[in-house]
Amino acid sequence: ILNVEQSPQSLHVQEGDSTNFTCSFPSSNFYALHWYRWETAKSPEALFVMTLNGDEKKKGRISATLNTKEGYSYLYIKGSQPEDSATYLCAFLNSNDYKLSFGAGTTVTVRA
Amino acid sequence: KAGVTQTPRYLIKTRGQQVTLSCSPISGHRSVSWYQQTPGQGLQFLFEYFSETQRNKGNFPGRFSGRQFSNSRSEMNVSTLELGDSALYLCASSLGASGIQETQYFGPGTRLLVL
């Protein structure tokens, strides 16, 4: 079982503030890193699939960076809005067996 | 375009029974993956299917099995249910042969309760 860790486990953000959180994964046998947003009572929604070291991806106010050499990815939310409240999951795909290993998620609550 | 659909949405079974869950991918998607989500273990990969072939399997006992049909619809089966099988079962589809290496689209899940 590969160790994919997300921190913090949860965070509260004031509306309009920016925030970021981390996904750590093994630095060897990297193939891809996925980010998902999972809102309560909905299906997980794909945000990004990242494959290259140094990759930066952006979707609206959400962006992510990737460092495969040191084994981490940051997800940033700029100008948080209440609709950003969700659990953000990362998933590491390794090149050994091509199985996805998920982190436990970071639950973001945006206060109006 | 319709999203990924899963049936049933909720299910209650008793220990020892078996259960079959169904997943219909987005039209045109050929890869289907299954996941189990429990409070204690988080989201865990079960299997991946492409063109009716299981391409990958997670670390689950043989009681968990699945299949994919020629129209890409997939089913998973759990035999001899245990209390610990109570979970949300999600399926996801993706467009091509790269399967879980590319963007996946998740269904709403089937919530299984084993009594």
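Cut-offs and rules
Along each chain, numbering runs from 1 in the same order as the chain's sequence is written. Here chains are named by letter from A upward and ligands by number from 1 upward, in the order in which they appear as written. Per-residue local features are limited, in this predicted model, to residues with pLDDT of at least 70; the limit for side-chain atom pairs, both in listing and counting, is 80 or more; totals at the level of whole chains, interfaces and linings are taken over all residues. Each side-chain value is worked out from all heavy atoms of the structure, with water and hydrogens disregarded. Should a side-chain nitrogen of Lys or Arg be within 4 Å of a carboxyl oxygen of Asp or Glu, the pair is scored as a salt bridge. Three exposure classes are used, based on accessible area relative to the maximum for each residue type with a 1.4 Å probe and protein chains only: buried under 20%, partly exposed in between, and exposed over 50%. Should any heavy atoms of two residues lie within 4.5 Å, those residues are counted as being in contact. As a working definition, buried area equals the accessible area (1.4 Å probe) given up by two parts on being put together, with both sides summed. Distance and chemistry together define a polar contact, namely a pair of N or O atoms within 3.5 Å, with one atom able to donate a hydrogen and the other to accept it when in protein, and with adjacent residues in sequence counting only for side-chain atoms on both sides. Strands are runs of DSSP state E lasting at least 2 residues, helices are runs of H or I lasting at least 4, and numbering of each runs from the N terminus. All residues other than Ala, Val, Leu, Ile, Met, Phe, Trp, Tyr, Cys, Pro, Asp, Glu, Lys and Arg, Gly among them, are scored as polar; the first ten of these are nonpolar and the last four charged. Paired strands are those between which DSSP finds at least two bridges. Where helices are involved, their axes are fitted lines through C-alpha atoms of the stretch in contact, as for all axes, and angles between N-to-C directions lie from 0 to 180°. What makes a nonpolar core is a set of buried Ala, Val, Leu, Ile, Met, Phe, Trp, Tyr and Cys residues whose side-chain atoms join them at distances within 4.5 Å. Centres within 6.5 Å make a pair out of two Phe, Tyr or Trp rings, where for Trp the six-membered ring is used; the pair is then stacked when the planes are under 30 degrees apart, edge-to-face when over 60, and tilted otherwise.

S.K.: Teacher, can you tell me more about the pattern of salt bridges here?
M.R.: Where side chains of opposite charge bring their charged atoms close, a pairing between them can arise. For the structure shown, the criterion picks out 9 salt bridges over all chains. Across the pair A:K42 and A:E39 runs a salt bridge whose closest N-O atoms are separated by 3.8 Å. Residue A:E39 is classed as partly exposed on the basis of its relative accessible area of 23%. Close ionic contact of B:E75 with B:R73 constitutes a salt bridge, the shortest N to O distance being 3.3 Å. Residue class for B:E75 comes out buried when judged on its relative accessible area of 16%. Residue B:R73 is classed as partly exposed on the basis of its relative accessible area, which comes to 24%. If you follow the salt bridges from partner to partner, you end up with A:R37, A:E45 and A:K59 in one network.

S.K.: Got a minute to help me understand the interface of chain B and chain A in this structure?
M.R.: Size of an interface, as often reported, equals the accessible area lost when the parts are brought together. Opposite the 18 residues of chain B that make contact, chain A presents 16 residues. Together chain B and chain A conceal approximately 1400 Å² of surface at their shared face, both sides included; 62% is due to carbon and sulfur atoms. Contact with chain A buries surface across chain B, with B:L43, B:Q101 and B:F106 losing the most and accounting together for 38% of the total. For the pair chain B and chain A, the number of links is 5 residue pairs in polar contact (both at pLDDT 80 or more). Among the elements of the structure, β4 (31-38), β5 (42-50), β6 (53-57) and β9 (87-94) of chain B are those that each provide at least two residues to the side of chain B that touches chain A. Its residues assigned to classes, the side of chain B that touches chain A comprises 8 nonpolar, 8 polar and 2 charged.

S.K.: Sorry, what's going on with the sheet that holds strand β6 (residues 56-59) of chain A here?
M.R.: Strands pair in a sheet through their backbones, by hydrogen bonds, and they do so in one of two ways: parallel or antiparallel. Residue and element names in this part refer to chain A. One open sheet accounts for 5 strands, arranged β1-β3-β8-β7-β6; its pairing is antiparallel. Each edge of the open sheet is held by one strand with a lone partner, namely β1 (5-7) and β6. Recorded for the sheet is a direction-independent mean angle of 15° between the axes of neighbouring strands. Sheet topology places strand β3 (residues 19-24) next to strand β8 (residues 72-77); 6 bridges connect them, and they run antiparallel.

S.K.: Just to check I follow, could you spell out the nonpolar core for this structure?
M.R.: Nonpolar side chains tend to gather and get buried jointly when the protein is soluble and globular. Residues and elements named next belong to chain A. Membership of the largest hydrophobic core comes to 23 residues, with the highest contact counts inside it found for F21, L33, W35, F48, L75 and Y88. Broken down by secondary-structure element, the contributors of at least two residues to this core are β2 (10-14), β3, β4 (30-38), β5 (45-50), β7 (62-67), β8, β9 (86-94) and β11 (106-111). In terms of residue count, β9 provides more of this core than any other element does, 4 residues in total. Discounting chain neighbours no more than four positions away, the residues touching F48 are L33, H34, W35, K57, K58, K59, I62, S63, A64 and L75.

S.K.: Can you walk me through the packing of aromatic side chains in this structure?
M.R.: Aromatic ring pairs are defined here through the distance separating the ring centres and the angle between the ring planes. Residues and elements named next belong to chain A. Scanning all chains against the criterion turns up 15 aromatic pairs over all chains. With a centroid separation of 5.4 Å and an interplanar angle of 50°, the aromatic rings of F21 and Y88 are classed as tilted. Here F21 is found in strand β3, whereas its partner Y88 is found in strand β9, with 67 residues between them in sequence. Neither F21 nor Y88 differs from the other in exposure class; each is buried. When the ring of Y74 is compared with that of Y76, the centres are 6.1 Å apart and the planes differ by 70°; the resulting orientation is edge-to-face.

S.K.: Would you explain the sheet that holds strand β1 (residues 5-7) of chain B in this entry?
M.R.: Residue and element names in this part refer to chain B. Reading across the sheet, the 4 strands line up as β1-β3-β8-β7 and stay open at both edges, with antiparallel pairing between neighbours. Both outer strands of the open sheet, β1 and β7 (64-68), are each paired with one neighbouring strand and no more. The average undirected angle you get between the axes of adjacent strands in this sheet is 20°. Where strand β3 (residues 19-24) and strand β8 (residues 74-78) come together, 5 bridges link them in antiparallel fashion. Considered in β8, the bridge of C23 is made with S74.

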